[in-house]
Amino acid sequence: RSGGAGGGLGDVIGQLGRGGGGLGDLLGGILGGAAGGAVAQRGATKGFGDLLNEALGNGGEPEAAPSTQQEAAAGLMLRAMIQAAKSDGRIDEGEKKKLMDNLGDASPEEQSFVRKELQAPIDIPGLCAQVPDGLGAQVYAMSVMAIDLDSQAEARYLNDLAQGLGLGRDDVNQIHAHFGVPPLYS
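Computed from a predicted model, the values in this text were never measured in an experiment. (Residues numbered from 1 in each chain as written. Predicted model: local features only at pLDDT ≥ 70, side-chain atom pairs only at ≥ 80, totals over all residues. Heavy atoms only, no water.)

Trainee: I tried to follow the packing of helix 8 (residues 136–145) against helix 10 (residues 169–178) on my own but got confused; where do I start?
Mentor: Geometry of a packed helix pair, given as the angle between the helix axes and the separation of the axes. In the contact formed by helix 8 and helix 10, the axes pass within 10 Å of each other and the chain directions differ by 45°. Between helix 8 and helix 10, the crossing angle belongs to the class labelled oblique. Of the two possible hands of crossing, helix 8 and helix 10 adopt the one that is right-handed. Contacts from Ala 137, Tyr 140, Ala 141 and Val 144 in helix 8 reach Val 172, Ile 175 and His 176 in helix 10. (Axes fitted to C-alpha atoms, helices over the stretch in contact; angles between N-to-C directions. Helix = DSSP H or I, 4+ residues; strand = E, 2+ residues; numbered from the N terminus. Parallel < 35°, antiparallel > 145°, perpendicular 65-115°, else oblique. Left-handed = near helix turned anticlockwise from the far one by under 90°. Contact = heavy atoms within 4.5 Å.)

Written out as structure tokens, the structure is:
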């Protein structure tokens, strides 16, 4: 698997750094050129983040529906965050709040998806098998963002996830450095 999208890990981290307005902006930055979502330019198809931002401005509905690929990629990113949050054997109220706050005004179907994922067992091989080529670093970054790396269980989870996604130690430590999280590898 390829760790980055397009121009490599530097571009991935740059895209992650542009997301300042919650999960929608972050996913938009991540998915803009990676998972079938075209970059939003004059006359171009809009990416997931653009559609989500439109929805926020239009009382919950984007002007155009996200593509099936964009919805699948967003679900994958959310699944990665939820699994990471559960990786220490529990998901506390703070972690649940962080996840739910990032959902904003989620539909009943989206809330149901989150509840189901919160109750599902952690499945790193299953998650990795769903990650399209080019989204590995993004999925890993979403996982890092979802947790406070403060336990051995979380470190083991991130190590196993990185290996399953085919990410190298330097790439992993670069993602951690970007988010101000202690490096996984010394």
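So that's the structure; there's more coming.
Trainee: Looking at this structure, how should I read the pattern of salt bridges?
Mentor: Any two side chains of opposite charge can pair if their charged atoms end up close together. As enumerated under the stated definition, the model contains two salt bridges in all. Arg 79 is paired through a salt bridge with Glu 117; the nearest N and O atoms lie 3.2 Å apart. On the criterion of sequence distance, the pair formed by Arg 79 in helix 4 (residues 68–86) and Glu 117 in helix 6 (residues 108–119) is long-range, its members being 38 residues apart. Both residues of the pair, Arg 79 and Glu 117, belong to the buried class. A salt bridge links Arg 90 to Asp 88, with the shortest nitrogen-to-oxygen separation between them at 3.4 Å. With relative accessibility at 49%, the residue Arg 90 sits in the partly exposed group. (Salt bridge = Lys/Arg side-chain N within 4 Å of Asp/Glu carboxyl O. Buried < 20%, exposed > 50% of the residue type's maximum accessible area, 1.4 Å probe, protein only.)

Trainee: Explanation requested: helix 10 in the structure shown.
Mentor: Every α-helical turn comprises 3.6 residues, leaving residues that sit three or four positions apart pointing alike. Listing the buried residues of helix 10 in full gives Val 172, Asn 173, Ile 175 and His 176. One face of helix 10 carries all of its buried residues, which in axial projection span an arc of 155°. In helix 10, the exposed residues that point more than 90 degrees away from the buried face are Asp 170 and Ala 177. In the stretch just after helix 10, Gly 180 is the one whose phi turns positive, near 70°. (Arc of directions from axis to C-beta.)

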